[in-house]
Amino acid sequence: MKYAIELVGITKRFARTVANDNVTLSVSAGSIHALVGENGAGKTTLMETLYGIYQPDSGKIRIHDTEVAIKSPQDSIRQGIGMVHQHFMLVPTLSVLENIILGAEDTRNAFLDLAKTSERITALADKFSLSVPLNEKVQDLGVGIQQRVEILKALYRKADILILDEPTAVLTPQESTRLFGILSELKQQGKTIVLITHKLNEVMEISDRVSVMRKGKIVGEMDTPTTSPQEIAELMVGRPVLLRVEKSKANTGKPVLSISNLSYVDRRGVEILKNVNFSVASGEILGIAGVEGNGQTQLVECITGLVKPTSGTISLNGVNLVGFPVKRVFDSGLAHVPEDRLKRGLVVDFTVKENLILGLHTRQEFNSRLSMRRSAIEQNARMLIKKYDVRPDDPDAIARGLSGGNQQKVIIARELSRNAQLIVASQPTRGVDIGGTEFIHRSIISERDKGKAVLLISADLTEVLSLSDRIAVIYDGMIVKIFPDNKVEESELGLFMTGTKGNGREASLA
Amino acid sequence: MRPEFENCRNTSSKEKLSWRGAPPFIRYYLVLLVALLPVSLGLQSCGKQQPSAPPNSEVGLVFDVGGRGDKSFNDAAYLGLQMAKDSLGIKYQYIEPGGGSDRESALRQLANKKSIGLIFGVGFIFTDDITNVAKDFPDKKFACIDYTYDSTKAVPSNLIPIEFREEEGSFLVGAIAGLMTKTGKVGFIGGMESPLIRKFQVGYQAGVKYVNPKAKVLVAYAGVTGEAFKNPAKGKELALSQYSQGADIIYHASGVTGLGVFEAAREMNKYAIGVDMDQWNEAPGHVLTSMVKKGNMAVYDIIKEWKQGKFKGGKPEIFGLRDDGVDFVYDKNNMPLIPKPVYDRVEQLKNEIIAGKIKVPAS
Amino acid sequence: MAEKRHWLEHSITQNFFVPVLAVVLSFAVGAIFIAIVGQNPIEVYYVLFSQTLGNEYGIGQLLFKTTPLIFAGLSVAICFKAGLFNIGAEGQLQIGAFATALVGMYTFGVPAFIEIPLLVLAGIVGGGIWGFIPGYLKAKTGAHEVINTIMLNFVALALVSYFATNIYNVPATVHTPSIAPTGRIPRFDVFFSGFEGSPVNFSILIAIVAAIFVWYYIDRTRPGYELRVVGLNAKAAEFGGINVARNLILSMTIGGALAGLVGTNYVMGYKYYFEEGFSTGTGFMGIAVALLGNNNPFGVILAALLFGMLEYGGLVINTMVPKELVSILQAIVIIFVISSNKIFRKTLVNYMKTRTLSVNQ
């Protein structure tokens, strides 16, 4: 078989961390090759080495059977390699056309022949069914389209090897399906594709072959049809894992949180939340599905008292929280895992133990008359670190140095240690690897089983479907549908999430 | 995912100063640093045998904060040092203090040097500091220009307060202004509002009125703080305002602030009168005259007395018209500007003051 | 990422070694300037060190210069911990010192054990008010503290100058009458004759106590914890139920109060009156002190000692070089230290890493 990419014995160290340890990987020309592994396994580093962002400490790279030296992304582009990064490298204020030709302008002429270039790009886009509006500004486009722009940008630079780093992380199910369509099309036309991901269903759906990385090494490589998600997951984590969240039937009690007629108009006068009604009972998990930016953030901020709703009531165990200062909201029996852990959840320059008391720091157990009780803080940290398996198990470690999953565990540990009646969890496993996700999911379910009410907000449909006892769909600031159980198809949810189905008025009565 | 950055970042946060766990390398450097200092100093002191001047042979001087380059009495004092160097062969050292609390340190700094026998402080603000230091160094001599003399308080016998009769000199330039004004309006711009500057103002006003009772004197001050002596922009603004109100001659007693007055005179094509030193060069053709306060003469005279062993401290030495401590400028530069009869009249007034026939008010 | 940290990433390196290296390098650069004005750098540095560190009088002068810098540095540092940039220490210390002098001149006959705390309190209140104002404006209106503190410096300077030279002054001077004798803080030379003539006094103990207080407050108390959260991540603070506005006001007020204590050194320990123009930029130097001290209270003391030495050393070498050169030297130190934080750290760490790697292979 003919290989498009051969990486031989690649080693890359950062300080004392070995990101890639003697990695050898071969990708067949014209195939879709999935590269999977947990966060920090070294997938991105390996591909960024191939793309010329890093120089390997040792090892060889062969492209189409020729050994090449890749010192910079320019070199790799010359070799026909294109990379679509997790965070798009587009200039938001420029048009799609400008973004595509940026840095690859036809320099033979002093003037840009935009009309001609535009024709060429349109032809290219048609060939791979990548429709993009060439003259609109990137900032006005949705993420799905932006991603297509990135792909087109790579193709315009004559890429025949395409690396995509976690391409579906920001997409809705419909957009993901569309992306996979495009990738198949590209494969048909002879392009080689490397897909970095940790979503196993994607691997199964689209890839021809899969390589699994763990701790900088390739720990397994197989043809996709011959393997199973279970096998891949075990290779990734290094131990057996439960992919399917196991939970018993909900033992639902009285409503804990009741939201009625909640509306919120922001400072610019935009109506963000429109007459939202729902309730969460003790012992159940209510999942809220929705494409990001449909009011989830503001809904949570209203509940937690960070912003004041324009109208409506939010009652927790019968007490209306509206107008309470944040501290009183929390004291009323609420715990909150914020959606952006770096922005709200953590003080990244603090130690783990200091972070573990944020918001609980006024509690008597942590304070003596003049100063804070350092031994109590330390003990609290040791206890939570152990219980939630935070690594490193060092209360004095700086939060910034922790991996995303461990940072998230710190937050979960702190919030669950509040022992609150209502847990609001926003994107609890975003950016968290399989092992961490499994752990966090189990923690949330065990809280439910203790009779807590859980409000789960997640853009990850798999998560919503597997955790929730009931599912509400939010679209354009409205709850457009509440499903009484979690037995619903992803595609069905997708239709509600994109506003294709459902109607606010009808749903709010549900 | 990029550990090298993460690690760099996660370090800065804990800022406890703990010596525990300091790696050997650090300790090595610390020891090295501490050790190097005296070694280098020791070597230096061995290698460098400065030819030491004989004790009490040199003069020291401390300028006012921001004083040097004021083209006024700080510079005048410096001129006095140079005169002494040229004609008496005296060596001198000086210090420009950086802040108010440095004045005393600077005086002590100089008094501590064996070679220095006489130390000047320039400016009334030295009054308390130099009194204290003089008490602590009875073997050294001190003199202070513009010392605020208080007859109820004793002055150490090794300290000479130097005073000037600024009102006398101001009276004479006031007379010139009074005689030469065409509009019947003249101006006065002071620096910091204070008793010292008021002497200039009062003498000037008396001089104007003495020769021209109907003339009007516009009075303005640049401020109430020491900054008022260092603000040319303000000086210009005040001068422009007085000129536009009809004044055609302005006398300033405002240090560096006066530079703005000269600029205004040049722009408006009017006259200004300088202060402390001959300020003709600030705006040639527009400086009618200057009331010179001969700080240089005072410094020079006292150095001379000291050298001859005639230093007499304990009470003020007052430099007035009689002692050639103050005067007005009349030389080849401004001769064409001042008519002969005016000059004669002013010379006559000067003689009358020296003779005691005219008593010039000081406040 | 849980491995043992490289020693160069330890706090001791970051907070001590790097600044020391910066200071040494800046002296080397300063030598070039000294040579340019035609003096022998070694001779000048010799005089600078021997006259400041070589005898008790010199040390006394150095400490006298250090005391106000500690107060100003702490003032800036504590605000910095709350994420605020206090440019207003100069104005705060003027108001505080003036308040001390003012209370002192009207409280004759009060025993020392009441008078001294009273005058210290006056400084705290005076400076505190001047810190509270920009803090309040920041918290309630969002008005930027940098602009407001700068403006309040002008107001403070003009106010105290006016009162010190017009209303409360001794005629023909620019200072107020003396404070009550019981309000005087004794000088070192009362007890140790070696300090004879130097105005260094026991207010430096107040400065050290203040540093300990700031350290304890920030590091050990609940309000200090909240203040740090606010400074590092205001959004997280809000989330943690911390009243961000109150902490902003509080930190500026404490910062102002610390600056206001400068009067203990000058008014209570040296002149016994307030003199117009007694401080020329101590408050601004406090910013450099805080930066050099890495906003750590004990670092502030060390940095203040260095700048105290530079300030007095500047006076000492002034008979040899123009005073502008001293300003240049100070500026070079500041520039080096501030830039070093990033540059040295990176180069050093990178260098040592490559070395460690090659050793390993």
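On a predicted model such as this, the values are computed, not experimentally measured, just so you know.

### A word on the overall build of chain A
So, step 1. Within chain A, the regular secondary structure consists of 18 helices and 20 strands.
So, step 2. A compact globule built from 510 residues should have a C-alpha radius of gyration of about 24 Å, and chain A, at 25 Å, falls within 12% of that.
So, step 3. Projected onto the principal axes, the alpha-carbon positions of chain A cover approximately 70 × 50 × 45 Å.
So, step 4. For chain A, buried positions account for 46% of its 510 residues.

### What about the overall build of chain B?
So, step 1. Across its full length, chain B holds eleven helices and twelve strands.
So, step 2. Taken across its 363 residues, chain B has 52% of its residues classed as buried.
So, step 3. Considering only residue pairs separated by 6 or more positions, chain B has 69% of its internal contacts joining residues 24 or more positions apart.

### Comments concerning the confidence of the model for chain B
Residue and element names in this part refer to chain B.
So, step 1. Put simply, chain B has an average pLDDT of 84, and 85% of its residues get 70 or more.
So, step 2. Of the regions scoring below 50 in pLDDT, residues 1-33 engages in 48 contacts with residues more than four places distant in sequence or in other chains.
So, step 3. The low-confidence segment residues 38-50, where pLDDT is below 50, has six contacts with residues more than four positions distant or belonging to other chains.
So, step 4. We note a pTM of 0.78 for the whole complex and an ipTM of 0.82 for its interfaces.

### As for unusual backbone geometry
Across residues other than glycine, the phi torsion is negative in most instances, and most of the peptide bonds are trans.
All names here are of chain A.
So, step 1. Here the bond from R391 into P392 is cis, since omega is 0°, no more than 30 degrees from zero.
So, step 2. The residue P392 is located in the loop between α13 (374-387) and α14 (404-416) in this model.
So, step 3. One non-glycine residue, N317, adopts positive backbone phi at about 50°.
So, step 4. With respect to the secondary-structure elements, N317 resides in the loop between β14 (311-316) and β15 (319-320).
So, step 5. Positive phi outside glycine occurs at D389, with the angle close to 55°.
So, step 6. Tracing the sequence through the fold places D389 in the loop between α13 and α14.

### Regarding the domain arrangement of chain A
You'll often see interface size given as the accessible area lost when the parts meet.
All names here are of chain A.
So, step 1. Assigned domains of chain A: these are domain 1 (3-237) and domain 2 (255-333 + 420-509).
So, step 2. A separation of 35 Å is found between the C-alpha centroids of domain 1 and domain 2.
So, step 3. Facing nine residues of domain 1, the contacting portion of domain 2 comprises eleven residues.
So, step 4. For the side of domain 1 that touches domain 2, the secondary-structure elements that each account for two or more residues are α6 (173-188) and α8 (229-237).
So, step 5. Among the elements that line the side of domain 1 that touches domain 2, the one with the most residues is α8, at three residues.

### A few points about the pairing of strand β4 (residues 141-145) of chain B
Residue and element names in this part refer to chain B.
So, step 1. With five of five residues buried, β4 lies mostly within the body of the structure.
So, step 2. Side chains K141, A143 and I145 of β4 all project onto a buried face; the interleaved residues F142 and C144 project onto the opposite face, where all are buried too.
So, step 3. Judged from the five bridges that link them, strand β3 (residues 116-122) and β4 form a sheet pairing that is parallel. By the bridge assignment, I119 is partnered in β4 with F142.
So, step 4. The parallel pair β3 and β4, bridged by helix α5 (residues 127-136), forms a crossover whose chirality is right-handed.
So, step 5. The sheet contact formed by β4 and strand β5 (residues 159-164) spans four bridges and is parallel. Bridge pairing in β5 links I145 to I162.

### Observations concerning the interface of chain C and chain A
So, step 1. Counting residues at the interface gives 19 residues for chain C, matched by 28 residues for chain A.
So, step 2. Residues belonging to the side of chain C that touches chain A are distributed by class as follows: eight nonpolar, five polar and six charged.

### Some details on the environment of L306 of chain A
So, step 1. With respect to the helices and strands, L306 of chain A occurs in the loop between α9 (296-304) and β14.
So, step 2. When the 18 C-beta atoms within 10 Å are taken as the criterion, L306 of chain A is described as partly exposed.
So, step 3. Sequence-wise, L306 of chain A and G323 of chain A are 17 residues apart; in three dimensions their C-alpha atoms are separated by 9.7 Å.
So, step 4. Aside from chain neighbours lying at most four places away, what touches L306 of chain A is E301 and V326 of chain A together with E238 of chain C.

### Some words on the sheet that holds strand β13 (residues 285-289) of chain A
Residues and elements named next belong to chain A.
So, step 1. Taking strand neighbours across the sheet as the criterion, the six strands line up as β16-β17-β18-β13-β19-β20 in an open arrangement whose pairing is mixed. Each edge of the open sheet is held by one strand with a lone partner, namely β16 (334-337) and β20 (478-483). Looking at each pair of strands side by side, their axes are set apart by 20° on average, direction ignored.
So, step 2. The sheet contact formed by strand β19 (residues 470-475) and β20 spans five bridges and is antiparallel. Bridge pairing links I471 to F483 in β20.
So, step 3. Running over the sheet, α9 touches β13, β16, β17 (422-426), β18 (453-458) and β19 and is turned about 150° from β17.

### Considerations on the domain arrangement of chain B
All names here are of chain B.
So, step 1. Domain parsing of chain B yields domain 1 (58-164 + 297-319) and domain 2 (166-292 + 330-354).
So, step 2. Averaged C-alpha coordinates put domain 1 and domain 2 at centres separated by 28 Å.
So, step 3. Taken together, the ten residues of domain 1 in the interface contact nine residues of domain 2.
So, step 4. Ranked by residue count, the leading element in the side of domain 1 that touches domain 2 is helix α3 (residues 73-88), at three residues.
So, step 5. Residue composition of the side of domain 1 that touches domain 2, grouped by class: four nonpolar, two polar and four charged.

### Remarks on the pairing of strand β1 (residues 3-14) of chain A
Residue and element names in this part refer to chain A.
So, step 1. As paired elements, β1 and strand β2 (residues 17-28) share eight bridges and run antiparallel to each other. Residue pairing for β2: Y3 is matched across the bridge by S28.
So, step 2. One ladder, built from five bridges, connects β1 with strand β4 (residues 58-63); its direction is antiparallel. Bridge assignment links E6 to a residue of β4, and that residue is R62.

### Notes on the sheet that holds strand β9 (residues 209-214) of chain A
All names here are of chain A.
So, step 1. Reading across the sheet, the six strands line up as β6-β7-β8-β3-β9-β10 and stay open at both edges, with mixed pairing between neighbours. Only two strands of the sheet have a single neighbouring strand rather than two, namely β6 (81-84) and β10 (217-223). Recorded for the sheet is a direction-independent mean angle of 20° between the axes of neighbouring strands.
So, step 2. Of the strand pairs in this sheet, β6 and strand β7 (residues 161-165) are connected by four bridges, and their pairing is parallel.

### Structural notes on the confidence of the model for chain A
So, step 1. Across chain A, pLDDT averages 88, with 96% of residues at or above 70.
So, step 2. Taken together, the stretch residues 504-510 of chain A has pLDDT below 50 and engages in 13 contacts with residues farther than four places along the chain or on a different chain.

### A closer look at helix α11 (residues 340-354) of chain B
Residue and element names in this part refer to chain B.
So, step 1. The end-to-end C-alpha distance of α11 is 21 Å, a good match for the 21 Å that 15 residues give at a rise of 1.5 Å each.
So, step 2. On its buried face, α11 sits against α6 (166-180).
So, step 3. Positive phi appears at G356, one or two residues downstream of α11, with a value of about 85°.

### Here we look at the environment of L107 of chain B
Residue and element names in this part refer to chain B.
So, step 1. On the secondary structure map, L107 appears in helix α4 (residues 102-111).
So, step 2. On the basis of neighbour count, L107 is assigned to the buried category, with 30 C-beta atoms found within 10 Å.
So, step 3. Taking C-alpha positions, L107 is 8.1 Å from D129, a pair spaced 22 residues apart along the chain.
So, step 4. Filtering out sequence-adjacent residues up to four positions away, L107 remains in contact with V62, I119, G121, D129, I130 and V133.

### Some points on helix α17 (residues 490-497) of chain A
All names here are of chain A.
So, step 1. Along α17, the positions that sit buried rather than exposed are L493, G494, F496 and M497. In an axial view of α17, the angular spread of the buried residues amounts to 160°, which keeps them on one side of the axis.
So, step 2. Tucked into the core, α17 has its buried residues touching α6, β13, α16 (461-467), β19 and β20.
So, step 3. A positive backbone phi angle near 80° is found at G499, which sits one or two residues after α17.

### Examining the packing of helix α4 (residues 89-105) of chain C against helix α10 (residues 244-260) of chain C
Residue and element names in this part refer to chain C.
So, step 1. The geometry of α4 relative to α10 is characterised by a closest axis approach of 7 Å and an angle of 60° between their N-to-C directions. With respect to their mutual orientation, α4 and α10 come out oblique. The element α4 and its partner α10 pack so that their crossing is right-handed. On α10, the residues touching A89, Q92, L93, I95 and G96 of α4 are G256, A259 and G260.
So, step 2. Looking at the contact of α4 with α10 residue by residue, the class counts come to four nonpolar, four polar and no charged.

Criteria and cut-off values
- In this convention, every chain numbers its residues from 1, walking through the sequence in written order.
- Here chains are named by letter from A upward and ligands by number from 1 upward, in the order in which they appear as written.
- With the structure being a predicted model, the display of local features is reserved for residues of pLDDT at least 70 and the display and counting of side-chain atom pairs for 80 or more, all residues being used for whole-chain, interface and lining totals.
- Secondary structure elements follow DSSP: runs of H or I no shorter than four residues count as helices, runs of E no shorter than two count as strands, and numbering proceeds from the N terminus.
- As defined in this context, the radius of gyration uses C-alpha atoms, and a globule is described by 2.2 Å times the residue total to the power 0.38.
- Any residue whose C-beta has 12 or fewer other C-beta atoms within 10 Å is treated as exposed, any with 20 or more as buried, and any in between as partly exposed, C-beta atoms being built from the backbone.
- We call two residues in contact when their backbone-placed C-beta atoms lie within 7 Å.
- Per-residue confidence from the prediction method is given by pLDDT, with values spanning 0 to 100.
- Boundaries between domains were set according to an automatic or database domain assignment.
- Any two strands are treated as partners once DSSP identifies two or more bridges connecting them.
- For the handedness criterion, the strands are oriented away from the viewer, and a crossover whose path from the first strand over the helix to the second runs clockwise is classed as right-handed.
- For this classification, Asp, Glu, Lys and Arg are treated as charged, while Ala, Val, Leu, Ile, Met, Phe, Trp, Tyr, Cys and Pro are nonpolar and the rest, including Gly, are polar.
- Only the stretch in contact is used when a helix axis is fitted, and all axes are lines through C-alpha atoms; the angle between N-to-C directions ranges over 0 to 180 degrees.
- Expected helix span is given by 1.5 Å per residue-to-residue step, counting one fewer step than there are residues.
- Starting at the helix axis, one direction is taken to each C-beta atom, and the arc is that of these directions.
- Roughly parallel here means an angle under 35 degrees, roughly antiparallel means over 145, roughly perpendicular means 65 to 115, and every remaining angle is called oblique.
- Two helices cross in a left-handed way if the nearer one is turned anticlockwise from the farther one by less than a right angle. They cross in a right-handed way if the turn is clockwise.

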